[in-house]
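# Descriptive structure summary
One-letter residues, chain by chain:
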Amino acid sequence: MEIDRKLTTASNLVAAKDQELGFGNVFSDHMLVRDWADGEWGRAMITPREPIPVEPSALGIHYGQSVFEGLKAYRGSQDGVIRLFRPDRNAARLKASSERLCIPTLPAEEFLECIQQLVATDSTWVPKEREHALYVRPMVFASEGHLSVRPAQCYKLVITTAPVAPYFSSRSRALRLKAESRFTRAASGGTGSAKTSGNYAPTLWPMASAAAEGFDQILWLDAQEHTFAEEAGQMNIFFRIGDEVVTPELSGTILPGVTRESALKLLEDWGVNAGTRRISMEELARASEDGSLLEIFGAGTAAVIASVASISYLGKEISAAPPSSGSLAERLREELLGIQYGERQDPHNWTHVVG
Ligand code: COI
């Protein structure tokens, strides 16, 4: 696939180096844009990053017909090689999300080529520091201006990249979650498994009130009974209970995370009894009381593997056992980072070198 290019003559890289890196506060020089109209995708173009003109009645803004993805490019700590982690899984999820929202799909090989070329263009933006990475954010939104509630006839793909630190900056402190027993993130038959913008805005208010109560994140529960754990705001959730590691099963209301899938595979490789099923808050409360709730952790591209100390549920504290040096969360984190930074074997060929 051919991609047109117009490169910047005024890079922001030097100025950006003075800024403390968070998650999404600094952006690289270029972006990729590609329009879909008259039933097909047009030519992709890499251009200097700049504001894009948006039709004021764009269906994507008005009615939320938009989907996005998130993946990272890592600079090898020993060989300096830039690697993407499982971008084929993001391509597949973008396709599934697009289908759910009546958005034209992008062939996986074109998605991969666009990302390869954009990351190669801004390769100097891939951070050298371990645990920092270049976050790649593809999004597709309905760009047609119209007021009918119907699938649009024009769409725009925009891919931007941003050098980032992990989403949760403090590794020294495990997170405190609030199990949300009033609001819900996704109901059966809804869009919970799609990565669509509309899944995020409704979480802002509950998240702000949880933050005001001192929590780091929300643990979303099932919409019907508010009894079963589903996922945490920006990551999937895992529990180590006795000799078992479990994460909620994908029931249509949970985002199928790439890190979640990779963690399950690694645990299986290690012979750990790991699987997916429904996990009730009662079960977690019991396990916390009898000491068998050994670990709680989140998994996500932005979050990596984030340890969770406790979950507040209906005013009661469900706590994991005190952190130990042999924790599975730490082992998973080190294995994933080791593969991503080219330090460890990659037996499943998860990484794609950026040429
Ligand atoms: C990611 O982990 O890539 C995400 O998309 C989470 C994001 C909403 C911060």
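Below: a short report on this structure. (Residues numbered from 1 in each chain as written. Predicted model: local features only at pLDDT ≥ 70, side-chain atom pairs only at ≥ 80, totals over all residues. Heavy atoms only, no water.)

## Looking at the environment of His226
For clarity, the cut-off: Each helix corresponds to a stretch of at least 4 residues labelled H or I by DSSP, and each strand to a stretch of at least 2 residues labelled E; elements are numbered beginning at the N terminus. With a 1.4 Å probe rolled over the protein chains alone, any residue whose accessible area is under 20% of its type maximum counts as buried; one over 50% counts as exposed, and the rest are partly exposed. Two residues form a contact once any of their heavy atoms are found within 4.5 Å.
Inspection of the secondary structure assignment puts His226 in the loop between β11 (217-221) and β12 (229-232). Residue classification places His226 among the buried positions, given a relative accessible area of 17%. Considered as a pair, His226 and Thr259 are 33 residues apart in the sequence and their alpha carbons are 25 Å apart. Setting aside anything within four residues of it in sequence, one finds His226 in contact with Glu180, Ser181, Arg182, Phe183, Thr184, Leu221 and Tyr313.

## Thoughts on the pattern of salt bridges
Rules: The working definition used for a salt bridge is a side-chain nitrogen of Lys or Arg within 4 Å of a carboxyl oxygen of Asp or Glu.
Scanning the model with the defined rule gives 23 salt bridges in all. Here Arg93 ties to Glu69 by a salt bridge, and the two come within 2.7 Å at their closest N and O atoms. Of the two residues, Arg93 sits in helix α3 (residues 87-100) while Glu69 sits in the loop between β5 (66-68) and β6 (71-75), which places them 24 residues apart along the sequence. Under the relative-accessibility criterion, Arg93 is labelled buried at 8%. Judged by relative accessible area, which is 0%, Glu69 ranks as buried. With its nearest N and O atoms 2.6 Å apart, the salt bridge here joins Arg240 to Glu295. Of the two residues, Arg240 is situated in strand β13 (residues 236-241) and Glu295 in strand β16 (residues 293-300); the sequence distance between them amounts to 55 residues.

## Digging into α3
For an α-helix the count is 3.6 residues per turn, leaving residues at separations of three or four pointing the same way. Where we set the bar: For a helix, the expected span equals 1.5 Å multiplied by the residue count minus one.
Compared with an ideal rise of 1.5 Å per residue, which puts 14 residues at 20 Å, α3 spans 20 Å between its outermost C-alpha atoms and is within 8% of the ideal. When we look at burial in α3, the residues that qualify are Pro87, Asn90, Ala91, Arg93, Leu94, Ser97 and Ser98. On its buried face, α3 sits against β5, β6, β7 (82-85), α4 (108-121), α6 (258-269) and β19 (351-353). Among the residues trailing α3, Cys102 stands out with phi positive, at a value near 55°.

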